[in-house]
Amino acid sequence: MIVLSGCVHRTYVTASYPRWGNEIAIEQGGEEPLILRTLPSQSSQPSACVLLVHGMNEHIGRYGEVARYFSQRYFVAGFDHYAHGLSNPVLRRADQALAEGAGRADVSDAFLAQSALYDLEPLRQTLGLAVQAFMAQCDAQDHSQRPVFIVAHSLGGLVTASYLLKHQNESDLRKRLRGVVFLAPAFAVSEPPGWRGWVANPLIKLSFHAETHFLHPQREPLPLLLFNQLLSLVTVPVLDGLFEVFSWPGLRNFASPTSPVWVTDYLTDSEEEKARLRADGWIVRRSLLRYVKGIEAEVVRFRRQMADFSIPYYLIYSEMDPITPAWGDEDFARVTLQHNPANEVLKLPDLPYHQHVFMQEPARTELLQKIEKWLDRRLRVVQ
């Protein structure tokens, strides 16, 4: 199945990257500059600044309407993760080619920018750089240190949460950051629905169980502890080795799976948005298996530490979401909800959709309004 999924036709873009706001280039020490996209507030006295963080294999260009909604009252910014959007060298060159007059540009190999991703550390470093530049731009609006918020989706939620776990006690960040909005954060591994799940889920669950127990004993009876350690000591190195081999040059071009067809159907209930998703060539359509395995290990690592997360948050997730299943969110809330009275959870019952800010109206605007109200409640709190 992996081999067959890699044998795909070439992918092209014919329209320029969907820009919004102003572009600010941030130097990264020898690498191409990171582009921070900023949108000034429509209000004469914006009360806060909001940083948007996108999910896996998508790009911040998709969030133009979301940015414009929040810019009615706040200064808004966003950026592309490492290996995503204009932070991806293949996609950046394609955008330049279109700007120079090319009719189309080949972006089939955009996924190869993931070759350095054994974990999420490059994405966390990009986020850290973006956060610092974002706060500087926020201050530059009226030379005052206004409160800041982060609104993070899916894998961007995991990147944000793991970054904040490491930096949450730093005084400047602690003073400025009033809260995080998590939209279907990747606190669990995917569970494909239907017949695909019958094939894939046993392997996914085995890999996740083994990774969870690998060199990390749980509170369990000795016979079970020994069994789980033996299982993990065999399973984890074997799967890591296989996924690494399939990510090597020569193999990765046909062994990297494409984004499954079912994913689009579970992103949104809007047929118009689904059509846009299918036509969006700036979305990376394939994922190196090394990267996929690294994300699984990051989920396990975060779950071991998540009880220490102390930043106020608003957690929004769908009860039936197969892309980032609800059990991850429920586990996170169970061990952190009591840390701050501002913490709030919104479970969308019986809903299978993953990208809440791209759902059809009126649900989309109603959700954005709920987020705005939570931000307002945080702003009324004296730090």
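Structure's up top.
Nothing here was measured: the structure is a model prediction, and the numbers come from that model. (Residues numbered from 1 in each chain as written. Predicted model: local features only at pLDDT ≥ 70, side-chain atom pairs only at ≥ 80, totals over all residues. Heavy atoms only, no water.)

Student: Requested: an account of the packing of aromatic side chains, with residues and values cited.
Tutor: Counted by the stated rule, this structure contains 19 aromatic pairs. When the ring of Phe182 is compared with that of Phe332, the centres are 5.9 Å apart and the planes differ by 85 degrees; the resulting orientation is edge-to-face. Pair noted here: Phe182 is in strand β8 (residues 177-183) and Phe332 is in helix α13 (residues 326-336), with a separation of 150 residues, a long-range link. The pair formed by Phe182 and Phe332 is uniform in burial state, with each residue classed as buried. Linked through ring pairs, Phe182, Phe187, Phe302, Phe309, Tyr313 and Phe332 together constitute an aromatic cluster. Above the plane of the ring of Phe358 lies Arg62, whose end atom (NZ or CZ) is 4.1 Å from the centre. (Phe/Tyr/Trp six-rings, centres within 6.5 Å; stacked < 30°, edge-to-face > 60°. Helix = DSSP H or I, 4+ residues; strand = E, 2+ residues; numbered from the N terminus. Buried < 20%, exposed > 50% of the residue type's maximum accessible area, 1.4 Å probe, protein only. Lys NZ or Arg CZ within 6 Å of the ring centre and 35° of its normal.)

Student: Now, about a nonpolar patch on the surface: what can you tell me, with residues and values included?
Tutor: Nonpolar side chains collect at one region of the surface, where Leu230, Val234, Val238 and Leu242 lie side by side and expose about 360 Å² of accessible area between them. Along the chain, Val234 turns up in helix α8 (residues 222-245). With relative accessibility at 48%, the residue Val234 sits in the partly exposed group. (Patch = residues over 30% accessible without salt bridge, like charges linked within 9 Å, V, L, I, M, F, W, Y side chains within 5 Å. Areas by Shrake-Rupley, 256 points an atom, 1.4 Å probe, with all protein chains shown as cover. Salt bridge = Lys/Arg side-chain N within 4 Å of Asp/Glu carboxyl O.)

Student: Requested: an account of the packing of α8 against helix α12 (residues 289-305), with residues and values cited.
Tutor: With their axes 7 Å apart at the nearest point, α8 and α12 run at an angle of 145 degrees to one another. From α8, Leu239, Asp240, Phe243 and Glu244 reach across to α12, where they touch Leu289, Arg290 and Lys293. Among the residues making up the contact of α8 with α12, the classes are represented as three nonpolar, no polar and four charged. (Axes fitted to C-alpha atoms, helices over the stretch in contact; angles between N-to-C directions. Contact = heavy atoms within 4.5 Å. Nonpolar A, V, L, I, M, F, W, Y, C, P; charged D, E, K, R; others polar.)

Student: Could you give an account of the environment of Phe111, naming the residues involved and the relevant values?
Tutor: By secondary structure assignment, the location of Phe111 is in the loop between β6 (105-106) and α4 (121-140). Along the chain, Phe111 and Ile316 lie 205 residues apart, while their C-alpha atoms are 29 Å from each other. Not counting chain neighbours up to four residues away, the residues in contact with Phe111 comprise Arg252, Asn253, Ser256, Val284, Arg286 and Leu288.

Student: So what's going on with unusual backbone geometry? Residues and values would help.
Tutor: Going from Glu361 to Pro362, the amide bond is cis rather than trans, its omega being 5 degrees. Phi is positive for Ala83, close to 70 degrees, though the residue is something other than glycine. Assignment of secondary structure puts Ala83 in the loop between β5 (75-79) and α3 (89-99). The backbone of Ser154 sits at a positive phi, close to 55 degrees, despite the residue not being glycine. Examined against the element boundaries, Ser154 turns out to sit in the loop between β7 (148-153) and α5 (155-167).

Student: Give a description of the sheet that holds strand β2 (residues 22-26) that names residues and reports values.
Tutor: In spatial order, the strands read β2-β3-β5-β4-β7-β8-β9-β10; together these eight strands make up an open sheet with mixed pairing. The sheet is open, and its two edges are formed by β2 and β10 (344-348), each paired on a single side. On average, each strand axis in the sheet is inclined to that of its neighbour by 20 degrees, with strand direction left out of account. Pairing analysis gives four bridges linking strand β3 (residues 34-39) to β5, with the strands arranged antiparallel. Bridged to Arg37 within β5 is Gly78. Along the sheet face, α5 touches β4 (49-53), β7 and β8 and points at about 135 degrees away from the line of β7. (Pairing = 2+ DSSP bridges.)

From the geometry alone we can't say anything about function, so treat these as descriptive.
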